[in-house]
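Chains, contacts and geometry: an overview
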Amino acid sequence: MQFKTLAIHSHQQPDPVTGAVINPIYQTSTFAQEDAGVHKGWDYSRCGNPTVDTLAGVLADLEGGKHAYCFSSGVGALVTMCNALFAPGDHLLIGDDVYGGTFRYTTKVLSKYGVEPEFIDMTNPENVARAIRPNTKMVYMETPTNPLLKLVDIKAIVKIAQAKGITTCVDNTFASPYLQNPIALGVDIVLHSTTKYIGGHSDVIGGALVLKDDTFNDVMRFHRNTIGANPDPFNSWLTLRGLKTLGLRMDAHCASALSLAQFLETHPAVESVFYPGLPSHPQHALAQKQMRAGGGMIALRVKGGEAEARAVLKAVKVFTLAESLGGVESLIEHPALMTHLSVDPQVKAALGITDNLLRLSVGIEDVADLKADLAQALKLITIPTTASV
Ligand SMILES: Cc1ncc(COP(=O)(O)O)c(C=O)c1O
């Protein structure tokens, strides 16, 4: 079955007892047992719940994995995976442009337990080859990266890591399984913040890990049960409901984002635009190879500094000033002051997370309204004329 069919029908047959077309929400913490230890496959909802397991099953199918586990947040998925796989003395190679919360957890918490994270620019796979040490346990990629939408060549890095027996993980949140399938490129574990495109409606927080094969299945199930960062059944049901339209929504996000990126690229108040679907993106060729379209996220630098960026944030009317991404409504944010506030100022400067950088999550409203909204907000930026220079 194709993606859009799987998203609706995989693991989601009409309820055999009642005929309900939509799977029920099993809002229960525990399950009756016929005899001690004899039950229908579920005993306690931290260790499994039919609604949560349905979501996990669909995600495994959409990512082409063998197993999946769902969590209360993307960060919950990250923490559980790290607890499951790392031991003191391990080295973690991680992209230098990852989500701020991933940076915070690995540098401020995971490092306390003797695991050493090392952040490198993974846009050049050679950097990964050079940084591998005998104790490197995992190569952790995020692509496209947040907020600068740099790409990492998944296949090339997997080849380097696999040759040394190192586990690979990709945070596939920005692309979603509709645009990119890291497991097909050889990756061992795919991580998602399902809060974003998978849920798609900005009304639920969740995360997931999808496993390529059986290798980490027992250890991941054990740590899921032991750590307890579980989603509740209602949240999982909401996520399942959103997931059914992921393909349709992504088509709309991508088409509108491309159109807005083209518009912004020629706007006199815009210094630069970062969007993998634009031929001007330095890794456009890789985007065409690795992704099915450019995605719904755009970063741009306005001409000027923080004051000009703040003026745009204040002036937009259809875009909402808010963190997060991947919902049907368009959002705008200032990475340096919001999502990446916890990143050290020197690191931010080195990465190019400047005061005039804005990030857009392009929703599925009419693109004409989105364009008009950005146009009226960008008008407020005074563009230096040749005469005034
Ligand atoms: C790329 C990426 N990964 C992981 C996360 C963490 O997900 P959550 O907020 O669901 O914990 C986020 C959140 O913004 C993200 O953008």
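Everything quoted here is computed from the prediction, not taken from an experiment.

Its location among the elements puts Ile353 in the loop between α13 (345–351) and β12 (357–361). By relative accessible area, which is 4% here, Ile353 ends up buried. What Ile353 contacts, discounting residues up to four positions off in sequence, is Pro147, Leu148, Pro335, Ala336, His340 and Lys348.

The next thing to look at is the site of the ligand. Looking at the ligand, there are 13 residues lining it, with Val75, Asp171, Ser193, Thr195 and Lys196 nearest. Here an oxygen atom of the ligand and a backbone polar atom of Gly74 are 2.9 Å apart. Take Ser193: an N or O atom from its side chain is 2.8 Å from an oxygen atom of the ligand. Within the complex, the protein chains bury 90% of what would otherwise be the 390 Å² of accessible surface of the ligand.

A few words now on the domain arrangement of the chain. Note: interface size is frequently given as the accessible area lost on complex formation between the parts. Parsing the chain into structural domains produces domain 1 (3–243) and domain 2 (246–378). Placing a centre on the C-alpha atoms of domain 1 and another on those of domain 2 gives a separation of 26 Å. With 41 residues of domain 1 at the contact, the number on the domain 2 side is 42 residues. Carbon and sulfur atoms supply 60% of the area that domain 1 and domain 2 bury against each other, a total of about 3400 Å² over both sides. On the domain 1 side of the contact with domain 2, Leu148, Leu179 and Tyr197 bury the most area, a combined 23% of that side's loss. Between Asp251 and Lys4 there is a salt bridge; the shortest N-O distance is 2.9 Å. For the pair domain 1 and domain 2, the interface holds 17 residue pairs in polar contact (both at pLDDT 80 or more). Mapped onto the side of domain 1 that touches domain 2, the elements with two or more residues apiece are α1 (3–9), α4 (100–108), α6 (154–163), α7 (176–179) and α9 (233–243).

A word on the sheet that holds strand β6 (residues 189–193). Where strands meet in a sheet, backbone hydrogen bonds hold them as pairs that are either parallel or antiparallel. Spatial strand order, β1-β7-β6-β5-β4-β2-β3: 7 strands in an open sheet with mixed pairing. Where the open sheet ends on each side, the last strands, each with one partner, are β1 (67–71) and β3 (116–120). Averaged over all adjacent pairs, the angle separating strand axes in this sheet is 20°, with direction ignored. In the packing of α4 onto the sheet, the strands contacted are β2 (91–95), β3 and β4 (136–142), and the crossing angle to β3 comes to about 140°. Across the sheet, α6 touches β4 and β5 (167–171), and the angle it forms with β4 is around 180°.

The next subject is the nonpolar core. Grouped together as the largest cluster of nonpolar side chains are 58 residues, with contacts concentrated most on Met122, Val128, Val139 and Met141. Ranked by residues supplied to this core, first place goes to helix α2 (residues 50–63) with 7 residues. Each of domain 1 (3–243) and domain 2 (246–378) contributes no fewer than three residues to this core. When neighbours within four sequence positions are excluded, Met141 is seen to be in contact with Met122, Val152, Ile154, Ile157, Val158, Thr168, Cys169, Val170, Asp171 and Val187. Membership of the second largest hydrophobic core comes to 28 residues, among which are Ala257, Ala261, Val302 and Leu378.

On to the packing of aromatic side chains, then. For the structure on display, the rule yields 4 aromatic pairs. Centroid distance Phe234 to Trp237: 6.3 Å. Interplanar angle 15°. Geometry classified as stacked. On the criterion of helical spacing, the pair formed by Phe234 and Trp237 is a turn pair, its members being 3 residues apart in helix α9. Above the plane of the ring of Tyr99 lies Lys196, whose end atom (NZ or CZ) is 5.9 Å from the centre.

Here we come to the pattern of salt bridges. Across all of its chains, the model carries 12 salt bridges by this definition. Measuring nitrogen to oxygen at the nearest pair gives 3.4 Å for the salt bridge that ties Glu34 to Lys40. Considered together, Glu34 and Lys40 belong to a single accessibility category, that of exposed residues. The closest approach of N and O atoms between Asp214 and Lys66, which form a salt bridge, is 3.1 Å. With Asp214 in the loop between β7 (207–211) and α8 (217–227) and Lys66 in the loop between α2 and β1, this residue pair connects regions lying 148 residues apart in the sequence. By relative accessible area, Asp214 is classed as partly exposed at 45%.

About the criteria used
Residues numbered from 1 in each chain as written. Predicted model: local features only at pLDDT ≥ 70, side-chain atom pairs only at ≥ 80, totals over all residues. Heavy atoms only, no water. Helix = DSSP H or I, 4+ residues; strand = E, 2+ residues; numbered from the N terminus. Buried < 20%, exposed > 50% of the residue type's maximum accessible area, 1.4 Å probe, protein only. Contact = heavy atoms within 4.5 Å. Near = heavy atom within 4 Å. Polar contact = N/O pair within 3.5 Å; in protein donor to acceptor, adjacent residues only side chain to side chain. Areas by Shrake-Rupley, 256 points an atom, 1.4 Å probe, with all protein chains shown as cover. Domains from an automatic or database assignment. Buried area = accessible area lost by both parts, 1.4 Å probe. Salt bridge = Lys/Arg side-chain N within 4 Å of Asp/Glu carboxyl O. Pairing = 2+ DSSP bridges. Axes fitted to C-alpha atoms, helices over the stretch in contact; angles between N-to-C directions. Core = buried A, V, L, I, M, F, W, Y, C linked by side-chain atoms within 4.5 Å. Phe/Tyr/Trp six-rings, centres within 6.5 Å; stacked < 30°, edge-to-face > 60°. Lys NZ or Arg CZ within 6 Å of the ring centre and 35° of its normal.

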